[in-house]
There are 8 protein chains.
Amino acid sequence: MLEDILKKVENGLMSAEEAERELATFENLGFAKVDHHRKKRQGFPEVIFGEGKTPSQILDISRAILAKNENILVTRVDKEKAEIIKKELPFFTYHEIAQLLFYKTIEETVPMKGYIAIVCAGTSDMRVAEEAALTAEAFGVEVRRFYDVGVAGIHRLLANIEEIQKATVSVVIAGMEGALPSVVGGLVSHPIIAVPTSIGYGANFQGLSALLTMLNSCASGISVVNIDNGFGGAYNAVTIHRIANQQI
Amino acid sequence: MLEDILKKVENGLMSAEEAERELATFENLGFAKVDHHRKKRQGFPEVIFGEGKTPSQILDISRAILAKNENILVTRVDKEKAEIIKKELPFFTYHEIAQLLFYKTIEETVPMKGYIAIVCAGTSDMRVAEEAALTAEAFGVEVRRFYDVGVAGIHRLLANIEEIQKATVSVVIAGMEGALPSVVGGLVSHPIIAVPTSIGYGANFQGLSALLTMLNSCASGISVVNIDNGFGGAYNAVTIHRIANQQI
Amino acid sequence: MLEDILKKVENGLMSAEEAERELATFENLGFAKVDHHRKKRQGFPEVIFGEGKTPSQILDISRAILAKNENILVTRVDKEKAEIIKKELPFFTYHEIAQLLFYKTIEETVPMKGYIAIVCAGTSDMRVAEEAALTAEAFGVEVRRFYDVGVAGIHRLLANIEEIQKATVSVVIAGMEGALPSVVGGLVSHPIIAVPTSIGYGANFQGLSALLTMLNSCASGISVVNIDNGFGGAYNAVTIHRIANQQI
Amino acid sequence: MLEDILKKVENGLMSAEEAERELATFENLGFAKVDHHRKKRQGFPEVIFGEGKTPSQILDISRAILAKNENILVTRVDKEKAEIIKKELPFFTYHEIAQLLFYKTIEETVPMKGYIAIVCAGTSDMRVAEEAALTAEAFGVEVRRFYDVGVAGIHRLLANIEEIQKATVSVVIAGMEGALPSVVGGLVSHPIIAVPTSIGYGANFQGLSALLTMLNSCASGISVVNIDNGFGGAYNAVTIHRIANQQI
Amino acid sequence: MLEDILKKVENGLMSAEEAERELATFENLGFAKVDHHRKKRQGFPEVIFGEGKTPSQILDISRAILAKNENILVTRVDKEKAEIIKKELPFFTYHEIAQLLFYKTIEETVPMKGYIAIVCAGTSDMRVAEEAALTAEAFGVEVRRFYDVGVAGIHRLLANIEEIQKATVSVVIAGMEGALPSVVGGLVSHPIIAVPTSIGYGANFQGLSALLTMLNSCASGISVVNIDNGFGGAYNAVTIHRIANQQI
Amino acid sequence: MLEDILKKVENGLMSAEEAERELATFENLGFAKVDHHRKKRQGFPEVIFGEGKTPSQILDISRAILAKNENILVTRVDKEKAEIIKKELPFFTYHEIAQLLFYKTIEETVPMKGYIAIVCAGTSDMRVAEEAALTAEAFGVEVRRFYDVGVAGIHRLLANIEEIQKATVSVVIAGMEGALPSVVGGLVSHPIIAVPTSIGYGANFQGLSALLTMLNSCASGISVVNIDNGFGGAYNAVTIHRIANQQI
Amino acid sequence: MLEDILKKVENGLMSAEEAERELATFENLGFAKVDHHRKKRQGFPEVIFGEGKTPSQILDISRAILAKNENILVTRVDKEKAEIIKKELPFFTYHEIAQLLFYKTIEETVPMKGYIAIVCAGTSDMRVAEEAALTAEAFGVEVRRFYDVGVAGIHRLLANIEEIQKATVSVVIAGMEGALPSVVGGLVSHPIIAVPTSIGYGANFQGLSALLTMLNSCASGISVVNIDNGFGGAYNAVTIHRIANQQI
Amino acid sequence: MLEDILKKVENGLMSAEEAERELATFENLGFAKVDHHRKKRQGFPEVIFGEGKTPSQILDISRAILAKNENILVTRVDKEKAEIIKKELPFFTYHEIAQLLFYKTIEETVPMKGYIAIVCAGTSDMRVAEEAALTAEAFGVEVRRFYDVGVAGIHRLLANIEEIQKATVSVVIAGMEGALPSVVGGLVSHPIIAVPTSIGYGANFQGLSALLTMLNSCASGISVVNIDNGFGGAYNAVTIHRIANQQI
């Protein structure tokens, strides 16, 4: 691209001034392929981290995204905030458990094959699990939910293991001692994104216990995101899932 | 006992002075039933914590115990120290992996029924597991070892679960993420003593990870001892095992 | 059981298809003896961890348990929640200090012998102590309470030590510096379950201080559960107490 | 498989006893699809964690793997240990910087397309980076190395960004403040496995600083493994890379 | 005392049974001199830790103390609670900044000589400083206050140093970086009780910063109590001050 | 100065008593040049840390400063408090985002040359960034704001880097992983004051993550202030900026 | 003193120049009473912290102190270092367990009354206990040792409690769970200086456990010094003991 | 610069190909002003962090720098390593206490005015202080050393305060409680770079105590670098010192 511009100047097809303007954008980005890569992601919603933002800030950003005709996902929005926003932009769907607002403007033309498994230890981890599941769905990926299969009753997990094994990637969510990813990791051969939750009390230290467990897992093939980061777990899984659907 | 002494004084069978001398010991103890309880423990070895003690200190204490004709268990003795001690007291048996010295002077008259399960996640946890197993055996309790049955390969555990279920109590030892006690806890109905080990690296923080995992276990019936405390794990298990062998 | 099924197929008493259906359950569980062990626990209430659950969730789970005709214990329920639940299921008894809801449908046929000692350092640790005491009672075990016997006034403990010594197991609860289990541990020969509480301030770090104290106890025979986990402390004690009441 | 066995018994082609023996293995595993999944992994080396194992232990395990005709990868082996092992099994290749021993018995029949980018902040992180790079190569995956491209000189990274963007997955390794994955994460659209290292001093706290940075990354699409776990980073990347080479 | 009782039994002045009853109390206490020492403390108020106690609990304990005709000090009582209590027991004086309730029934007969210096870094540390000052006064000790003399303006401290030097003991209170005790420690020769406060934010970690500073002081003669423990700081100082007023 | 006084006494121009009075002040300060240095700072506002102070305390201190005819800056004042204060002293300007109250009585006679760059990673760090920016402006220094230029989108920073490079000093503010100062540090040659914020969740631990990142920065020329300390960051920058405007 | 100098100048007995020289020292100190206070301490040895100092540095400082004719105490000197030093200054006495070097040049003229109790939990805490005991003796104070009286065998403490109660102050030393000061604190009425030791392993975290225990003690009258700081514990006790021997 | 190149192409003075090559460098850097800024720094040595590098690695990098005719500073080199390096490159000067190697090829043409104060609490902090002092000198800046002026003897600091006040910037180094920067900060009006050291033991936690103290300083105008980072402290000070010598 740089070559093209310079050739045009050499051949008198472009003035030095015009070339400078053209290159300015280029310079500001400092690298040429970003846009190209962004294009591959088309259909991805733009994501707004709702925590700590006022309803009017969320509305402003949402309208800016709508103007670009893209899908919108707002995470960590409580009910009260969601209702204020929906009064202005009623097409948003609000998922109360997951605390997500979502609006789909464009459809994926070619649906992806396969599914992501969302595996979750206890019912109290469900807020994070649903944040993950709905995020993945918002990104156009099929999701299968395996909830309440914690390690203290290993048979519940084993009863579902074959369907989990057939997923392209699992997001495994657990609070308290956070042992579930290790056990799942020993039973499947695909990548596992582990999400510790802050569920627990006392020596749990707001999720530190589950986080350390997952980082120290003796099973290979497990990587970890921040405590309660259901969105991040799903985002990682979606990124992997898309690769599995691409031609290299 | 207090009553007896006072009766003797009342009846002139004992002088006030003699009674005072007798009661002095009693007073120092401050409570009368300790001895009675100690008697129940007969056959228990006296235990010396070897770490940070010189060979000559260990020899002195050992000889004092021998004079009372009791079994001796010395924990955390490295090989070099053990050899110096064995030159002086060659009847000691040294267990190198467990770093224990043991000598049995008296035999349990009535063997106890049942066994303790020593369950261990990885081969690198074996030093702690053997410290536990040999400690329990030194206390006259039958032990069954289930080693290398970590959660990343859950089938190894399931293959042995029935024999573990029949134990009176399990000592479950694990490093790294320390998830094994939670899984065992969901499969057995007897008490579990969990022993975290310092095996691991990085975010393991010298066993902190496994310790927190065990304290936060979502399975009930699990209690925890200090990191690498194989002796303590076994001691707790033996205490429980003896109760299971007693008549209340 | 597996043998029986296969024999029937061999003998034409069962079709391969029927056998497969039968074994499916078996496979899902992955181990055959769980039920057998569960039976031993009969009379145990099912336990619901009430924290973070809505009243309607607790009601749903409670009704499911009632349908199976079992006792119900709900822990960590505040007063407001309890009142909503009691409007629907008025047979529940609510213990405000311990924050427990309990309902007993079936009675233990044979009462167990002996008792558990619940030993507690200060009056502010009482919420946890009562959670432990009432839990044990819900499991059909006799409990004796020894409250406000903290180490700063050691004579209060010594005055009660004989009755504590006669228990099968002690649950020892303490906040602040958490030294009580060590002292009790030196005076009794039965197992001790230590429960740190979050009572304290400053360098207490929400119970961390007491937790570390208990894990580092120089007295043998002490194992530890999570901070404020009165339920867990009692559950462990009950498990031990039952073993002491069984024939091996 | 269960169906097959039962059919054979029904048809008298297999006795009940033979079927029981066959199913015993099945039961021990508790789930049928593991082998099937393991097959997909063929060509994967068996991995031995060398730290804390004696040369003779490593030799024993190596010989057992060789008997199964599989590739062998031994991680965390220092030079001295490696030399003892190579005396016995001279076909091993030793990589001193990465502290790896490797032996390839079988070749991948179909080479995989694409490559993994190993991106590394400083020269002192090279031990971990090489552990990752050589691990991935041992698993039959092409690797491209981008070393010494830390954030304090962002132009070094930008000069290479296009080639990194074309990888299927990046393993990004950094010590000290660990900011590199965040920056790379903003420039690529494929998954990133972040590996914190313990390089640094003072408030680095043996890699804790880099670990926290990576877990808190404001860039999406980043997941994290344990401190200094180059092997784990590569293993995760390989798992993703294989999915990208498979047909779903 | 033991001797006396035994002599009486020997001489028939007391029956064995009466002696046993008498000794029972003795045994329960386990040590004879406590009371004697308690007597030395006469004039000391009984102290109630008010935090976490209900007004009615505080009222009950207060009435019990009044019945013994002793002074009462209640710490950590907020205004609302204090008003409820004062409705019932209006003779209490409430100190709002220090959050103390106090009532003096008996007067020290002989006033003690000398004074305690309460030295305090910032105005925001005043709650703790006043808790200390009023506590010491409640124990009958003269107090001199040196407030707002933090190390960032060292001349404020130097302007008062002579009067501080003449105290028998200093209680030095500081939050944030907690450096004041070190500086005072280099300027006086009497004992210093250092009290860290939780004043600060961010890397202060609720007083941890000041606590560590004080424990690591390079000045000798400084010992430390818990974060925000103004009462404890004063109690220690009073104990020392009394010794300075006694004849050995 | 000391010399002058003594000479006067020697020459009988001053009595010993007068000299003593004069020297008393001198002694209290202990050093003579402080005032001289304070004079250099003229135009600096007096700063009140508003957190934890009541409106009436802030009013009292403000009036005392006004009496000395100096500028006033009050930090960390919430809206409610600000309104009460403004009722009494309506000339104050309140900046709601930055939570600052400011009043300028005197003007800098000679404006300083150059500007400070306030660089900020995300919109949620804006409270701290504005505290820094407005503080610097209150001290009479020109400020340029570069907000929302976090490392996950490095081109936003590069687009502004030349203007940042021309500042005398940068205050770089970031939460979450806190990587921004490292990246800026590699691109500019002037001093950088890094301010970690508490923005983030989970393993962020209230800003600890960003703090450690900044302390461990591999870029030289970066020093760090407390978490959320926008005022402190600006104060340091202003001190440096003034030096750049002085003649040595 | 200032007054005297000025009077002399006024009366022509001293030149302004001489006065200035005299006052220079005064000015450097900034406060007049330090010397006066130092005088009270006569007989106190000068203390050298030996850790991290070379033998030749210790020799240099020792000779400088000898020149002033004062006692010398060197703490934390290992055997090897001590031998090098003793070759040059053979009059030093070396205490190997306590790792102290001591030399007494001058004698206390009037011996102090009373004694300090050094109370110690386990034999492994003896290095710290002896550092404390010998330090106090070096300062000319009588010491009584009560070793190996840890809380796990409370009767050993009770047997000695009367002699401990008669001390002016106790230094109570304990590692592991560090509960001893709390128990002693409930039994004596004099001040207690608590010294945590780093004895222990695992969740002891190098003495953190004992330190937190002591800071959180529910017994009043306890203050704490740094981990393993036997010298500091004794220094505090000596300071208190001297006050008890003075006339106020 | 971009404009110039394009103009040349437009005017036929440069081919498109040549322009592309020229711009390639430009593109790699992504920003044009870096070199310009680097020029301002001329005379700055290139710095090699020696820790963890082999002598031959250091030699290679040194030779590469020499080829560019620049000064070289190698930090954290122990004596043994230094001697190997000096055999090859004997013109290096080695500073053993500071563990620095330095070689000056070019001289500053115009010496800078003013000096940096290196202020240090104790003799054991000297390694870090000398690393700072020699680093600043290597950068061509005059340094004045104020060692052993810790807060426990405040008069030593006051005796030197005027000379410290006249510096352009102070680097204040302290271990243990780290209070010195706060005190200096209250006495000077120039910027202070605080360097915590790891000197101390027990609750010092390898410098954490001093680090927290400095971050929480109640004195304004203090910013902090990593523990033991004498080089970083000096580098920051030099950056500020240069600004004070420049014309804006």
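The name given to chain A in an unreviewed UniProt entry is PurE domain-containing protein, with Saliterribacillus persicus as the source organism.

S.K.: What is the right way to look at the environment of C:Ile199 in this model?
M.R.: All names here are of chain C. Here Ile199 shows up in the loop between strand S8 (192–196) and helix H10 (208–215). C-alpha separation for the pair Ile199 and Glu70, spaced 129 residues apart in sequence, amounts to 34 Å. Discounting residues that sit within four places of it in the chain, Ile199 has contacts with Ser124, Asp125, Gly175, Met176 and Asn204.

S.K.: Explain unusual backbone geometry to me, please; I cannot follow it from the model alone.
M.R.: When glycine is set aside, most residues are seen to have a negative phi, and most peptide bonds are trans. For C:Arg76, which is not a glycine, the phi torsion comes out positive at approximately 55°. Relative to the helices and strands, C:Arg76 resides in the loop between strand S2 (72–75) and helix H5 (79–88).

S.K.: I'm lost on the pattern of salt bridges in this one. Help?
M.R.: All told, the structure shown has 80 salt bridges over all chains when counted by the stated rule. Across the pair B:Glu131 and B:Arg127 runs a salt bridge, and its minimum N-O distance is 3.2 Å. Linking B:Glu131 with B:Arg127, this pair stays in helix H6 (residues 126–138), spanning four residues, or about one helical turn. Across the pair C:Arg63 and C:Glu88 runs a salt bridge, and its minimum N-O distance is 3.2 Å. In this pair, C:Arg63 is assigned in helix H4 (residues 55–67) and C:Glu88 in helix H5, connecting sequence segments 25 residues apart. Given the relative accessible area of 47%, C:Glu88 is considered partly exposed.

S.K.: Where do I start with the interface of chain D and chain A in this structure?
M.R.: By convention, interface size is frequently given as the accessible area that disappears when the constituent parts associate. Every contact between the two is made by 39 residues of chain D and, on the other side, 39 residues of chain A. Between chain D and chain A, a total of about 3,600 Å² is buried, with carbon and sulfur atoms accounting for 61% of that surface. Here chain D and chain A share zero salt bridges between them. Connecting chain D to chain A are six residue pairs in polar contact (both at pLDDT 80 or more). Broken down by secondary-structure element, the contributors of at least two residues to the side of chain D that touches chain A are helix H3 (34–40), helix H8 (161–165), helix H10 (208–215), strand S9 (222–224) and helix H11 (230–245) of chain D. Partitioned by chemical class, the residues of the side of chain D that touches chain A number 20 nonpolar, 15 polar and four charged.

S.K.: Please clarify how helix H10 (residues 208–215) of chain A should be interpreted in this entry.
M.R.: Along an α-helix, a turn takes 3.6 residues, which lines up residues three or four apart on a common side. In terms of burial, H10(A) is a largely internal element, seven of the eight residues being buried. For H10(A), the full list of buried residues reads A:Ser209, A:Ala210, A:Leu211, A:Leu212, A:Thr213, A:Met214 and A:Leu215.

S.K.: Please clarify how the sheet that holds strand S4 (residues 100–103) of chain A should be interpreted in this entry.
M.R.: Either a parallel or an antiparallel arrangement is found when strands of a sheet pair, and the pairing is made through backbone hydrogen bonds. Residue and element names in this part refer to chain A. Across the sheet, which stays open at both edges, the four strands sit in the order S1-S2-S4-S3 with mixed pairing between neighbours. Two strands lie at the open edges of the sheet, namely strand S1 (46–49) and strand S3 (93–95), each paired on one side alone. For this sheet, the mean inter-axis angle between neighbouring strands, taken without regard to orientation, is 15°. Direction of pairing for strand S2 (residues 72–75) relative to S4: antiparallel, over a ladder of three bridges. Each bridged residue has a counterpart across the sheet, and for Leu73 the counterpart in S4 is Phe102. Sitting on the sheet, helix H4 (residues 55–67) touches S1, S2 and S4, and the angle it makes with S1 is about 175°.

Scoring rules and cut-offs
Residues numbered from 1 in each chain as written. Chains lettered and ligands numbered in written order. Predicted model: local features only at pLDDT ≥ 70, side-chain atom pairs only at ≥ 80, totals over all residues. Heavy atoms only, no water. Helix = DSSP H or I, 4+ residues; strand = E, 2+ residues; numbered from the N terminus. Contact = heavy atoms within 4.5 Å. Salt bridge = Lys/Arg side-chain N within 4 Å of Asp/Glu carboxyl O. Buried < 20%, exposed > 50% of the residue type's maximum accessible area, 1.4 Å probe, protein only. Buried area = accessible area lost by both parts, 1.4 Å probe. Polar contact = N/O pair within 3.5 Å; in protein donor to acceptor, adjacent residues only side chain to side chain. Nonpolar A, V, L, I, M, F, W, Y, C, P; charged D, E, K, R; others polar. Pairing = 2+ DSSP bridges. Axes fitted to C-alpha atoms, helices over the stretch in contact; angles between N-to-C directions.

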